[in-house]
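# Analysis of the macromolecular model
Below are the chains, spelled out letter by letter.
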Amino acid sequence: MSDLQISLIIIGIIVIAGVVVFNWLQQLRYRRKVQAAFDHEHDDILLDKQNTEDPFQRIEPKFNKAPPDPQSDMLEQQKELPLNESQKVSIPPAVHTAPSFHANIVSSSAATSPLLDYDSNTSYIVNIRSDSVIPNTHIAKLLQRKFDFGKPVYWLGQPDKDEPWEEITNESNVDSDGYGHIKGCLQLADRAGPISEVNLSKFRDLVLDFASQTQATAECPDIVSTHEKAVALDKFCADVDVMIGINIISRDDGAFVGTKIRALAEASGFKLDSDGLFKYRDDSNNTLFTLSNYESSPFLPDNIKSLTTHGVTFLLDVPRVAHGERVFDQMTHLAKIFSNTLGGIMVDDNRVPLSDSGIQRSKQQLIEIQNVMKNNHILAGSPSALRLFV
């Protein structure tokens, strides 16, 4: 073997060893960076009690003489970053210009039960009363018509006037002995728009026919005024229906690798759902915010190993999240970690970099939206909000 061949072999060994050492150092550096990022501790957004001395605490303005909402301590204000045009809404220039909805809770027990917080602000509520117990065989006929009115229908029953209200489902109705007092709650609006006057009439006619067949009495509110309320509710919901978005894009036309995104997301507490979104949930399995692909391809388990993308997007659905201000702060914290770890830039939808001051201005705008919701007795993240914004 010649001296040249020996020299080339030695050089090759040195190059290979150098590459191995370099890769090992890069991997070690990455692991330390991720570990340092996630060693940061922060308050639990749902379990920790709100500190009244928190610097973010606000004394909310009052625009009417309505009593304070008993659930007002569940709500923190939220904030908006720019989104796609289809997701943006115009915010009323002043809080008092929004329509006012005053709560009329179904019953005292309903007010304390998350399942039963149906009120005349968001539902068309009918009462069916009978001197005797209405058998569950008759009630089953009402339940069969649940999907005939274009909006969700919920039935509540009270076996006796001294007993608490309970939601009537097909399963619970089979085991019940019947009810003497029944309430029907037809939702007035959702993200698809307000309920139609025709469907309101169909629901009222169903209730009147049912009462006639069971020798009961029925109380049904006026259809015309209820439809006007549904239209006003839909307009109000459109004014506050905002999603907060934070985009993280790669630098210099680079790309993020799907496996690295997944590892970082799962280390942060996200779980990949079947719809291609990473979802960050609370202990009750409620989605707080999501992580999606900035590009059109979803994050699917089958393709994420080979996927590359130029960005990711954090999204927070404002009306559906309680404690919104703290949730937003946590989402922003994670977005910064992702940006630093992936080597990306936080930008708006015009690809303009987001500064801390810009985020704070958007945060203040969302606080105003939350005030509007609170003043109209529809709390973000409450059961009624979850039904409206779906």
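Scroll up a little and you will see the structure.
The structure displayed is predicted, hence computed values, not measured ones. (Residues numbered from 1 in each chain as written. Predicted model: local features only at pLDDT ≥ 70, side-chain atom pairs only at ≥ 80, totals over all residues. Heavy atoms only, no water.)

### Looking at the packing of aromatic side chains
Overall, the coordinates contain 11 aromatic pairs when judged by the stated rule. When the ring of Phe270 is compared with that of Tyr280, the centres are 5.4 Å apart and the planes differ by 75°; the resulting orientation is edge-to-face. With Phe270 in the loop between α7 (258-268) and β10 (271-272) and Tyr280 in strand β11 (residues 278-281), this residue pair connects regions lying 10 residues apart in the sequence. Per residue, the accessibility class of Phe270 equals that of Tyr280, and both read buried. Taking 5.5 Å as the distance between ring centres and 50° as the angle between the ring planes, the aromatic pair formed by Phe278 and Phe299 counts as tilted. Placement of the pair is Phe278 in strand β11 and Phe299 in the loop between β12 (287-293) and β13 (308-309), with a sequence separation of 21 residues. With respect to class, Phe278 is no different from Phe299; both count as buried. Grouping aromatic residues by their ring pairs yields a cluster made of Phe270, Tyr280, Phe289, Phe314 and Phe338. When the ring centre of Tyr154 is taken as origin, the NZ or CZ atom of Arg387, which lies over that ring, is 5.5 Å away. (Phe/Tyr/Trp six-rings, centres within 6.5 Å; stacked < 30°, edge-to-face > 60°. Helix = DSSP H or I, 4+ residues; strand = E, 2+ residues; numbered from the N terminus. Buried < 20%, exposed > 50% of the residue type's maximum accessible area, 1.4 Å probe, protein only. Lys NZ or Arg CZ within 6 Å of the ring centre and 35° of its normal.)

### Concerning the sheet that holds strand β2 (residues 153-158)
Reading across the sheet, the five strands line up as β3-β2-β4-β1-β7 and stay open at both edges, with antiparallel pairing between neighbours. Here the strands that pair on one side only, and so sit at the sheet edges, are β3 (166-168) and β7 (217-219). Strand-to-strand twist across the sheet, computed as the mean angle between neighbouring axes with direction ignored, equals 25°. The pairing of β2 with β3 spans three bridges and is antiparallel. Within β3, the position partnered with Gly157 by the bridge is Glu166. The strands touched by helix α5 (residues 197-213) are β1 (123-134), β2, β4 (179-187) and β7; relative to β1, the strand with the most contacts, the crossing angle is about 5°. (Pairing = 2+ DSSP bridges. Axes fitted to C-alpha atoms, helices over the stretch in contact; angles between N-to-C directions. Contact = heavy atoms within 4.5 Å.)

### Points about the pattern of salt bridges
Scanning the entire structure with this criterion turns up 14 salt bridges. Linking Arg145 and Asp148 is a salt bridge whose minimum nitrogen-to-oxygen distance equals 2.4 Å. For Asp148, a relative accessible area of 32% puts it in the partly exposed group. Lys279 is paired through a salt bridge with Asp273; the nearest N and O atoms lie 3.1 Å apart. (Salt bridge = Lys/Arg side-chain N within 4 Å of Asp/Glu carboxyl O.)

### Notes on the packing of α7 against helix α8 (residues 324-342)
Their axes nearest at 11 Å, the elements α7 and α8 cross at an angle of 145°. In this structure, α7 meets α8 at a crossing whose hand is right-handed. Counted together, Lys260, Ile261, Leu264, Ala265 and Ser268 of α7 and Leu334, Phe338, Thr341 and Leu342 of α8 form the full contact between these two elements. In terms of residue class, the contact of α7 with α8 is made up of six nonpolar, two polar and one charged. (Left-handed = near helix turned anticlockwise from the far one by under 90°. Nonpolar A, V, L, I, M, F, W, Y, C, P; charged D, E, K, R; others polar.)

### Notes on the nonpolar core
Membership of the largest hydrophobic core comes to 72 residues, with the highest contact counts inside it found for Trp155, Phe270, Phe289 and Phe314. A per-element tally of this core places α8 first, with eight residues. Setting aside residues up to four positions removed in sequence, Phe289 forms contacts with Phe270, Phe278, Lys279, Tyr280, Phe314, Leu315, Leu316, Val327, Met331 and Leu334. (Core = buried A, V, L, I, M, F, W, Y, C linked by side-chain atoms within 4.5 Å.)

### A closer look at the pairing of β1
The pairing of β1 with β4 spans eight bridges and is antiparallel. From the neighbouring strand, Ser123 faces β4, where its bridge partner is Gln187. Inspection of the sheet shows β1 paired to β7 by three bridges, in the antiparallel sense. Each bridged residue has a counterpart across the sheet, and for Arg129 the counterpart in β7 is Thr217.

### Focus on unusual backbone geometry
At Gln215, a position not held by glycine, the phi torsion is positive, near 55°. Assignment of secondary structure puts Gln215 in the loop between α5 and β7. One non-glycine residue, His377, adopts positive backbone phi at about 60°. Judged by relative accessible area, His377 falls into the buried class, the value being 14%.

### Re the environment of Ile182
Within the element layout of this structure, Ile182 appears in strand β4. Placed 17 residues apart in sequence, Ile182 and Trp165 show a C-alpha to C-alpha distance of 9.0 Å. If we ignore the near neighbours within four places in the chain, the residues touching Ile182 are Val126, Asn127, Ile128, Ile134, Ile139, Trp155, Leu156, Trp165, Ile168 and Phe210.

### Examining the pairing of strand β14 (residues 311-317)
Moving residue by residue along a regular strand, the side chains alternate between the two faces of the sheet. Among the seven residues in β14, seven count as buried, and that is most of the element. Alternating positions in β14 separate into two faces, Gly311, Thr313, Leu315 and Asp317 on one and Val312, Phe314 and Leu316 on the other, with burial throughout. Here four bridges tie β12 to β14, and the two strands are oriented antiparallel to one another. Note that in β14 the partner of Asn293 across the bridge is Val312.

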